[in-house]
Amino acid sequence: MAITSYINSNGLRLRVTQLPSGAFDLYFSNGFISLCYTEEELQDLIQRKGFQQTK
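Bear in mind the structure is a predicted one, so any value in this text is a computation, not a measurement. Chains are numbered independently. Their residues run from 1 in the order of the written sequence. Per-residue local features are limited, in this predicted model, to residues with pLDDT of at least 70; the limit for side-chain atom pairs, both in listing and counting, is 80 or more; totals at the level of whole chains, interfaces and linings are taken over all residues. Water and hydrogen atoms were dropped before computing side-chain values, which therefore reflect all heavy atoms in the structure.

## Re the overall build of the protein
Think of it this way: any DSSP run of H or I at least four residues long counts as a helix, any run of E at least two long counts as a strand, and we number them from the N terminus. Within the protein, the secondary structure is distributed over one helix and five strands. When we talk radius of gyration, it's over C-alpha atoms, and the globule rule is simply 2.2 Å times the number of residues to the 0.38. Since a compact globule built from 55 residues should have a radius of gyration of about 10 Å, the 10 Å found for the protein is in line with a globular shape. Reported as C-alpha extents along the three principal axes, the dimensions of the protein are approximately 30 × 20 × 20 Å. In this analysis, two residues are considered to be in contact whenever any of their non-hydrogen atoms come within 4.5 Å of each other. Expressed as a percentage of contacts within the protein between residues at least 6 apart in sequence, the contacts between residues at least 24 apart total 25%. Note on areas: these come from Shrake-Rupley sampling with a 1.4 Å probe, and a residue is covered only by the protein chains present in the view. Surface accessibility of the protein: about 4,000 Å² in total, with carbon and sulfur atoms responsible for 49%. Charge centroids of the protein, computed over 5 positive and 5 negative side chains, lie 14 Å from each other. His residues and chain termini do not enter the charge count, which takes Lys and Arg as positive and Asp and Glu as negative. Just so you know, the charge point we use is NZ for Lys, CZ for Arg, CG for Asp and CD for Glu.

Printed below as a string of structure tokens:
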């Protein structure tokens, strides 16, 4: 499973892993773990919280 990493302007990092079911596991650098069920939900979160993909 590929991991995609993001960071926002406050320095909060986000790692996203897509599960075989199509849902997304979200791991934040502050220790918070969450789940998005759709890609639309994930993209909405990324936009609202100002995350930018890192290399």
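## A closer look at the sheet that holds strand 5 (residues 52–53)
By definition, the strands of a sheet pair up through backbone hydrogen bonds, in either a parallel or an antiparallel sense. Note on pairing: two strands pair once DSSP finds at least 2 bridges between them. Strand order across the open sheet formed by five strands is 4-3-2-1-5, with antiparallel pairing between neighbours. Two strands lie at the open edges of the sheet, namely strand 4 (33–36) and strand 5, each paired on one side alone. Only the stretch in contact is used when a helix axis is fitted, and all axes are lines through C-alpha atoms; the angle between N-to-C directions ranges over 0 to 180 degrees. Packed onto the sheet, helix 1 (residues 39–48) meets strand 1 (3–7), strand 2 (13–18), strand 3 (24–28) and strand 4 and runs at close to 25° relative to strand 3.

## Examining the side chain of threonine 17
Positionally, threonine 17 belongs in strand 2. Ignoring any residue separated from it by four or fewer positions in sequence, one finds threonine 17 in contact with Met1, Ala2, Ile3, Ala23, Phe24, Asp25 and Tyr27.

## Section: the side chain of asparagine 8
Among the structural elements, asparagine 8 can be located in the loop between strand 1 and strand 2. Only 3.0 Å separates the side chain of asparagine 8 from the backbone nitrogen of asparagine 10, close enough to count as a polar contact. Asparagine 8 has contacts with Lys49, Gly50 and Phe51, leaving out every residue within four places of it along the chain. Here a polar contact is taken to be a pair of N or O atoms separated by no more than 3.5 Å, where protein atoms must pair a possible hydrogen donor with a possible acceptor and residues adjacent in sequence count only if both atoms sit in side chains.

## Quick word on helix 1
Burial here depends on accessible area, computed with a 1.4 Å probe over protein chains only, as a share of the maximum for the residue type. Under 20% is buried, over 50% is exposed, and the range in between is partly exposed. Every buried residue belonging to helix 1 is among Leu42, Leu45 and Ile46, and all of these are buried. An end-on view of helix 1 places all buried positions within 100° of arc, on one side of the element. When the buried face of helix 1 is taken as reference, the exposed residues oriented beyond 90 degrees from it are Glu40, Gln47 and Arg48. The inward-facing, buried residues of helix 1 contact strand 1, strand 2, strand 3 and strand 4. When we speak of the arc, we mean the arc of directions from the helix axis to the C-beta atoms.

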